[in-house]
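Summary of the model geometry
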Amino acid sequence: MIKIENAKVAGWEAAIKSVHNPTNSLERSDSHPCDVLKELTDKHYSYQCAGCKNEFVGRPNCTVIGENDFNLMNALRNASPGHRHFMRRVVVHFDAIAPLYWWKEFDPHRAETVANSCSIIHQIADKGVKIKDFSYENLTREELNNLYRSIGILNIYQWAYKNYEQIKKGEMPTCKEIRPLINAMDKKELERQMIEMLPSSYNWKRTLMLNYAVLMNIYISHRNNKLDEWRDFCNWIEDLPYSELITGKEKNND
């Protein structure tokens, strides 16, 4: 399972200047601000941009790429990696929730990625874990039962961690499973146990900033990947504004 939320695309104006700078031809640019902005009258309704297909409520700086500019961008995109610098100027901000096993495969792309992550140990320690916190769609019944058992053990550790001081002082009654944990471990050791026991199907949330050049590398490398998460991620890429620059496929932006 992978879920992508709050996606925002920016940087088109800088990209347009970048493609025209080598020939000093910015006056030939035919891109323009989105005309929908002139028609906004009610801030309680969302409108979809005719150019970039982004939904927004009075969002400023929305740019429609003109035909001449797009053809120039596409030509540079197809020329060679050295001509695609403009794609680095188009950035995408988004939240992604995906299992740990997918994030491990994503790591090779992080050199050109800005990421901020939710703390796994804080998530577990504050709320414990539930079956909905995992990607388990393809598990067999037996393995699903094993996952439930792991969740139960993790929640025992979480309860011991959260109430550690009260249990240590004898202010809270405990069952026979909890007392040995408290006697044998301090809070840091309980944290370590929870992290090491956590199944790789646990869904982790990260806020990312990538650019179109990175997304192009990801798309080429993973569009036919065996993991459902990669294929779903590539499908999301195809829905981005002017995604033809990433995928090389034709798409109707009208």
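Residues numbered from 1 in each chain as written. Predicted model: local features only at pLDDT ≥ 70, side-chain atom pairs only at ≥ 80, totals over all residues. Heavy atoms only, no water.

The next subject is unusual backbone geometry. Even without being glycine, N6 reaches a positive phi, approximately 55 degrees. With respect to the helices and strands, the residue N6 is situated in strand β1 (residues 3–10). N6 sits in the exposed class, given a relative accessible area of 53%. Phi at Y242 is positive, roughly 50 degrees, even though this residue is not glycine. With respect to the helices, strands and loops of the structure, Y242 is situated in the loop between α10 (228–238) and α11 (244–247). (Helix = DSSP H or I, 4+ residues; strand = E, 2+ residues; numbered from the N terminus. Buried < 20%, exposed > 50% of the residue type's maximum accessible area, 1.4 Å probe, protein only.)

Here we take up the packing of aromatic side chains. Taken as a whole, this structure holds 14 aromatic pairs when the rule is applied. Ring geometry for W102 and W230: centres 4.8 Å apart, planes at 50 degrees, overall tilted. Here the residue W102 occupies a position in helix α3 (residues 100–106), and W230 occupies one in helix α10, the gap between them amounting to 128 residues. For W102, a relative accessible area of 0% gives the class buried. Pairing W230 with F233 gives two aromatic rings, centres 6.2 Å apart and planes at 85 degrees, and the pair type is edge-to-face. Taken as a pair, W230 and F233 lie in helix α10 at a separation of 3 residues, close to a single helical turn. (Phe/Tyr/Trp six-rings, centres within 6.5 Å; stacked < 30°, edge-to-face > 60°.)

This part takes up the packing of helix α1 (residues 12–20) against helix α2 (residues 67–79). At a closest axis distance of 10 Å, the pairing of α1 and α2 adopts a crossing angle of 70 degrees. Regarding the angle of α1 to α2, the classification is roughly perpendicular. With respect to the hand of their crossing, α1 and α2 are arranged in left-handed fashion. On α2, the residues touching W12, A15, I16, V19 and H20 of α1 are D69, L72, M73 and L76. Each residue belonging to the contact of α1 with α2 can be placed in one class, and the counts come to 7 nonpolar, 1 polar and 1 charged. (Axes fitted to C-alpha atoms, helices over the stretch in contact; angles between N-to-C directions. Parallel < 35°, antiparallel > 145°, perpendicular 65-115°, else oblique. Left-handed = near helix turned anticlockwise from the far one by under 90°. Contact = heavy atoms within 4.5 Å. Nonpolar A, V, L, I, M, F, W, Y, C, P; charged D, E, K, R; others polar.)

Scanning the model with the defined rule gives 4 salt bridges in all. Across the pair E5 and K3 runs a salt bridge whose closest N-O atoms are separated by 3.3 Å. The shortest N-O distance in the salt bridge between K187 and E165 comes to 3.7 Å. Of the two residues, K187 sits in helix α8 (residues 187–197) while E165 sits in helix α6 (residues 164–168), which places them 22 residues apart along the sequence. For K187, a relative accessible area of 27% corresponds to the partly exposed category. We classify E165 as partly exposed; its relative accessible area is 37%. (Salt bridge = Lys/Arg side-chain N within 4 Å of Asp/Glu carboxyl O.)

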